[in-house]
Amino acid sequence: MLPEPDGTGLLDGRSDDEGWSHAAALLATPAGTVRAFAQGPGAAGETSAGSRFDLASLTKAFVAVTAATLVDDGLLDLDAPVRETLDVPAVSTGATARQLLTHTAGLRPSSLAWRTTADAAQVLDDALGPPADPPGAVHRYSCLGFVVLGLLLERLTGDPLDQVVGRRVAEPIGASGLRWSPGDLAGVVPTEPGTPTGRVHDEMAAALGRPVGNAGLFGTLDDVAGLAALVACRGAAGGRQVVGEGSWRALVEPDAGARRAGAPWGQALGLRRGDPAFTVAADQVGHTGFTGVSFVVDLAAGASAVLLTNRVHEGRNSSVAGRRRRLAALAAGEGAGRPPGDGHGGGGSWR
């Protein structure tokens, strides 16, 4: 059943295991856009269009699109060894930017150095440590790859990552609420008890104390919807082509190297296609975030759906996987019965 024009139905039926105290959802189709906002147990005020959520790994999607704009401008060669520009141990064996973006650079999933030191420099040194496997040998979801990628974009542009993403992606798509540090805490949605409101939930990103490529962005429902719309509109936003056709295809089409490395879904440049953890069709693409956020674009229907929650508010075992798939089905419209996946295996990720 499609939601009502006022969004009624997008966030109905909160189950106890979803864990969120605040939620926002959006469905954009060729027929129009509907939004919904809701509160759950323990809510700190109303959820609204101005509510800013910890976007967790949706940060990676914004950084991936930013990288695509550098490719278009001739500043980034996806297949050149990163060590030619950024000499750190993580890429000492020849990993490329394409491999960083497709989680095939052989890096560890993350760094746990934050558990033993509060020194940001030491945490960064560990995050940039040597790879665990040769580049291209294995597909392993890696936050470290996007830490390296963020540093690479800074080196190529000469600007801090937040400014690079802001100028190249956030401003063109109208994502005016997007921030690595929310500053004013008004409207910022809390995450897990024990994590101060406004502090990034991802422990490594928090310990690094600076904008990094794996996590840390805070944003509103429309900020993420702007990114989803850019993907749905083949790289266009605000009457201009933000990402060229070739780069857009790389963002949405499964990468051959990632498939050879064993990716369990259609791993594109930063985005995931046909991942049954949050999609219902082979031509759906998007990303998820650990705090309970996600977006999905149905390329066939020209529709998108965004879900922002703080599902960790009642603990990390909470799950919004079912709600993500229901929103993906709405984006698919009559095509919601299409088989999930892209024909090369199942799998999924809850990040």
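All values derive from a computational prediction rather than experimental measurement. Here the residue numbering is sequential within each chain, running from 1 through the sequence in written order. Whole-chain, interface and lining totals are the exception, using all residues; otherwise, since this is a predicted model, local features are given only for residues with pLDDT of at least 70 and side-chain atom pairs are given and counted only at 80 or more. Side-chain figures throughout are based on the complete set of non-hydrogen atoms in the structure, without hydrogens or water.

**Student:** Help me get a handle on the overall build of the protein, residues and values and all.
**Tutor:** Numbering of helices and strands runs from the N terminus, with a helix taken as a DSSP run of H or I at least four residues long and a strand as a DSSP run of E at least two residues long. Counting its secondary structure elements, the protein contains ten helices and eleven strands. Here the protein has a C-alpha radius of gyration of 19 Å; the compact-globule value for 351 residues is 20 Å, and the two agree. If you line up the protein on its principal axes, its C-alpha atoms span 55 × 40 × 35 Å. For each residue, the accessible area found with a 1.4 Å probe, counting protein chains only, is set against the maximum for its type, and the residue is called buried under 20%, exposed over 50%, and partly exposed in between. Split into buried and exposed, the 351 residues of the protein put 58% on the buried side. Between two residues, a contact is recorded if the distance between any of their heavy atoms is within 4.5 Å. Counted over contacts in the protein with a minimum sequence separation of 6, partners at least 24 positions apart contribute 67%. Note that accessible areas follow from Shrake-Rupley with a 1.4 Å probe, and for residues the cover is restricted to the protein chains shown. By element, 51% of the accessible surface of the protein is carried by carbon and sulfur atoms, the whole surface being about 13,200 Å². Think of it this way: Lys and Arg go in the positive column, Asp and Glu in the negative one, and His and the chain ends go nowhere. Charged groups are reduced to one reference atom each: NZ for lysine, CZ for arginine, CG for aspartic acid, CD for glutamic acid. Taken as two groups, the 30 positive and 37 negative side-chain charges of the protein have centres that lie 3 Å from each other. The quantity called the radius of gyration is restricted to C-alpha atoms. Its globule counterpart is 2.2 Å times the number of residues to the power 0.38.

**Student:** Go over the sheet that holds strand S11 (residues 303-309), please, and point to the residues and values.
**Tutor:** Read from one edge to the other, the open sheet built from seven strands follows the order S2-S1-S11-S10-S9-S8-S7, with strand pairing classed as antiparallel. Unpaired on one side and paired on the other, strand S2 (32-39) and strand S7 (266-267) mark the two borders of the sheet. As paired elements, strand S8 (residues 272-273) and strand S9 (residues 284-289) share two bridges and run antiparallel to each other. Note on S9: the bridge partner recorded for Arg 272 is Gly 286. Sitting on the sheet, helix H10 (residues 321-332) touches strand S1 (22-29), S9, strand S10 (293-298) and S11, and the angle it makes with S11 is about 160 degrees. Only when DSSP finds a minimum of two bridges between them are two strands counted as paired. Lines fitted to C-alpha atoms define the axes, with helix axes restricted to the stretch in contact, and inter-axis angles between N-to-C directions lie between 0 and 180 degrees.

**Student:** So what's going on with the side chain of Asp 275? Residues and values would help.
**Tutor:** For Asp 275, the position within the fold is in the loop between S8 and S9. The class for Asp 275 is buried, based on a relative accessible area of 0%. Here a polar contact is recorded for every N or O atom pair within 3.5 Å, except that within protein the pair must consist of a potential hydrogen donor and a potential acceptor, and residues adjacent in sequence are included only if both atoms are side-chain atoms. A polar contact is formed between the side chain of Asp 275 and the side chain of Arg 272, at a distance of 2.9 Å.

**Student:** How would you explain the packing of aromatic side chains if you had to name every residue and give the values?
**Tutor:** Note on aromatic contacts: the rings of Phe and Tyr and the six-membered ring of Trp form a pair at centre separations within 6.5 Å, being stacked when their planes are under 30 degrees apart, edge-to-face when over 60 apart, and tilted otherwise. Applying the stated criterion across every chain, the model contains zero aromatic pairs. Over the ring of Trp 20 we find Arg 14; its NZ or CZ atom is 5.2 Å from the centre of that ring. Look at NZ for Lys and CZ for Arg. If either is within 6 Å of the ring centre and within 35 degrees of the ring normal, a charge sits over the ring. A cation over a ring is seen here: Arg 311 above Phe 290, with NZ or CZ 4.6 Å from the ring centre.

**Student:** Go over the pattern of salt bridges, please, and point to the residues and values.
**Tutor:** Every case where a carboxyl oxygen of Asp or Glu lies within 4 Å of a side-chain nitrogen of Lys or Arg is listed as a salt bridge. Applying the stated rule across the entire model yields 16 salt bridges. Residues Asp 73 and Arg 168 are paired through a salt bridge, measuring 2.9 Å at the closest nitrogen-oxygen approach. Here Asp 73, found in the loop between helix H1 (58-72) and helix H2 (97-101), pairs with Arg 168, found in helix H5 (residues 161-173); they are 95 residues apart in sequence, far enough to count as distant. Overall, the relative accessible area of 15% leaves Arg 168 in the buried class. The partner of Asp 79 in a salt bridge is Arg 98, with the nearest N and O atoms 2.7 Å apart.

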